[in-house]
Amino acid sequence: MLELKSALLKVLDFIEDKNDVVYLDYPLYYNIGDVLIFEGSISFFEKNGVTIKKYLNVLNIDICRLKKHITDRTTIVCQGGGNFGDLYEIHQNMRENIVKSFPNNRIIILPQTAFFSDIKQQEKSQKIFLAHNDIIMFARDISTYDLFRKFSDKTFLMPDMAHQLYKELSISDSIINETLFFLRKDKEVNVSQNKLNINIDGNSLDWEDLITQQDKRIYKRIKKVIRWNRFLGIGVLDDFVFRMWHRHSFILVNKFALKFSSYEKILTSRLHGHILACLIDKNSNIIDNSYGKNKAYYHLWTKDTGMASLLSED
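Conventions adopted
- Residues numbered from 1 in each chain as written.
- Predicted model: local features only at pLDDT ≥ 70, side-chain atom pairs only at ≥ 80, totals over all residues.
- Heavy atoms only, no water.
- Helix = DSSP H or I, 4+ residues; strand = E, 2+ residues; numbered from the N terminus.
- Rg over C-alpha atoms; globule rule 2.2 N^0.38 Å.
- Contact = heavy atoms within 4.5 Å.
- Areas by Shrake-Rupley, 256 points an atom, 1.4 Å probe, with all protein chains shown as cover.
- Lys, Arg positive; Asp, Glu negative; His and termini not counted.
- Charge placed at Lys NZ, Arg CZ, Asp CG, Glu CD.
- Salt bridge = Lys/Arg side-chain N within 4 Å of Asp/Glu carboxyl O.
- Buried < 20%, exposed > 50% of the residue type's maximum accessible area, 1.4 Å probe, protein only.
- Axes fitted to C-alpha atoms, helices over the stretch in contact; angles between N-to-C directions.
- Parallel < 35°, antiparallel > 145°, perpendicular 65-115°, else oblique.
- Left-handed = near helix turned anticlockwise from the far one by under 90°.
- Nonpolar A, V, L, I, M, F, W, Y, C, P; charged D, E, K, R; others polar.
- Patch = residues over 30% accessible without salt bridge, like charges linked within 9 Å, V, L, I, M, F, W, Y side chains within 5 Å.
- Pairing = 2+ DSSP bridges.
- Right-handed = clockwise from strand over helix to strand, strands pointing away.

Caption draft 1: Spotlight on the overall build of the chain. Within the chain one finds 10 helices and 11 strands. Radius of gyration (C-alpha) of the chain: 19 Å, near the 20 Å computed for a compact globule of 314 residues. Each of the three principal axes of the chain carries a C-alpha extent, and together these read 55 × 40 × 35 Å. Taking as baseline every contact in the chain between residues at least 6 positions apart, the subset at least 24 positions apart corresponds to 76%. Accessible surface for the chain amounts to roughly 14,300 Å². Of this, 49% is attributable to carbon and sulfur atoms. Charged side chains in the chain number 43 positive and 39 negative. The centres of these two groups are separated by 6 Å.

See the structure below:
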């Protein structure tokens, strides 16, 4: 786990000026896997002397306003995760717009898993990226690495940015002798998940089940500020939104770390359910997602930790 955390340092090789960086597409939504990546990325840059002068999410990126913060030496960093492709169009469209709008700036795509269901959409996106000559792309697995090489000749393998949080999260002092069943319910669910012979005592959980009404009220207040600022266009309000969400995200990831660490074992079909278990030195069994993301990540990065195993129908 310490080796995986250290591997992230390669990102620093591609930042031209540590005081001239913007960070785009931070997750203003309750997918805690993406929030783990977000908090890991913030910790990584802070601990390595990188000053991010502007954080923007997909809801408050305005190209005209963003250009006021971009110099010839600005490095544009895009959040990692599993939304590169045509499953999550709003994020892919944002990245393509950034690539087209800033042809002379270095752009870094932090570690991603990519998937296109439509080859025409993939080819369209490839054409946009290939028109830019300075895009650094980090892939979380081999299939994404092979795909990214069609987008940029500066492509590298890299573990997830959440690994920065190893030894940085809260751990529960008490452990119950039970398994936490943490199974996804969204569009990436594997059809074989329900066919596995798993003895689930009680209901399984997903990220959304751990979000409280208070969390939802905080989220609504932040979204309201964003709506106001679409008309006002005040930069300090964007910064205020980031600070509020970062503070909230930090509390959330530590709350979930406490919950996960209170169980003896984790069984999950969420990639970041598995990664979070690793971050707190907890054993986990992994079920793959719909397109092989979990399996690929396990075999490339976490298999040798000795803290996980991959379940299959066999």
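Caption draft 2: Spatial organisation of the pattern of salt bridges. Scanning the model with the defined rule gives 14 salt bridges in all. Across the pair Glu96 and Lys124 runs a salt bridge, and its minimum N-O distance is 3.1 Å. Residue Glu96 is located in helix α4 (residues 89-101), and its partner Lys124 is located in helix α5 (residues 119-130); the two are separated by 28 residues in the primary sequence. The exposure class of Glu96 is buried, given its relative accessible area of 6%. Judged by relative accessible area, Lys124 falls into the partly exposed class, the value being 41%. With a closest N to O distance of 3.1 Å, Lys167 and Asp281 form a salt bridge. On the criterion of sequence distance, the pair formed by Lys167 in the loop between β7 (155-157) and β8 (176-182) and Asp281 in the loop between α9 (271-279) and β10 (284-286) is long-range, its members being 114 residues apart.

Caption draft 3: Representation of the packing of helix α7 (residues 213-232) against helix α8 (residues 235-261) in the model. The geometry of α7 relative to α8 is characterised by a closest axis approach of 10 Å and an angle of 160 degrees between their N-to-C directions. Between α7 and α8, the interaxial angle falls into the category roughly antiparallel. Crossing hand, α7 versus α8: left-handed. Contacts between α7 and α8 involve Asp215, Ile218, Tyr219, Ile222, Val225, Ile226, Asn229 and Leu232 from the first element and Leu237, Asp238, Phe240, Val241, Met244, Trp245, His248, Leu252 and Lys255 from the second. Classifying every residue of the contact of α7 with α8 by side-chain character gives 12 nonpolar, 2 polar and 3 charged.

Caption draft 4: Representation of unusual backbone geometry in the model. The residue Asp25 is not glycine, and still its phi comes out positive at about 75 degrees. Along the chain, Asp25 falls in strand β1 (residues 21-26). With a relative accessible area of 2%, Asp25 lands in the buried category. For Lys167, which is not glycine, the phi torsion reads 70 degrees and is therefore positive.

Caption draft 5: A look at the environment of Asn283. The residue Asn283 is located in the loop between α9 and β10 in this model. Considered as a pair, Asn283 and Ile266 are 17 residues apart in the sequence and their alpha carbons are 6.3 Å apart. The contact partners of Asn283, leaving out residues within four places of it in the chain, are Lys265, Ile266, Gly306 and Met307.

Caption draft 6: Fine view of a positive patch on the surface. A grouping of Lys216, Arg217, Lys220 and Arg221 is seen on the molecular surface, where their side chains present a positively charged patch. Counting through the fold element by element, Lys216 comes out in helix α7. The class of Lys216 is partly exposed, set by a relative accessible area of 36%.

Caption draft 7: Quick look at α9. Across the 9 residues of α9, 9 count as buried, placing the element largely inside the fold. At the exit of α9 stands Asp281, carrying a positive phi of roughly 60 degrees.

Caption draft 8: Inspection of the environment of Lys120 at higher detail. As for its position among the elements, Lys120 is in helix α5. Judged by relative accessible area, which is 63%, Lys120 ranks as exposed.

Caption draft 9: The arrangement of the environment of Ile61 in detail. Inspection of the secondary structure assignment puts Ile61 in the loop between β2 (52-57) and α3 (63-67). Excluding anything up to four places from it in sequence, Ile61 contacts Leu24, Asp25, Leu56 and Met94.

Caption draft 10: The pairing of β1, seen in detail. Burial analysis of β1 places 6 of its 6 residues in the buried class, which makes it a mostly covered element. Across 5 bridges, β1 lies against β2 in parallel orientation. Within β2, the position partnered with Val21 by the bridge is Ile52. At this point the chain moves from β1, through helix α2 (residues 32-47), to the parallel β2, and the crossover so formed is right-handed.

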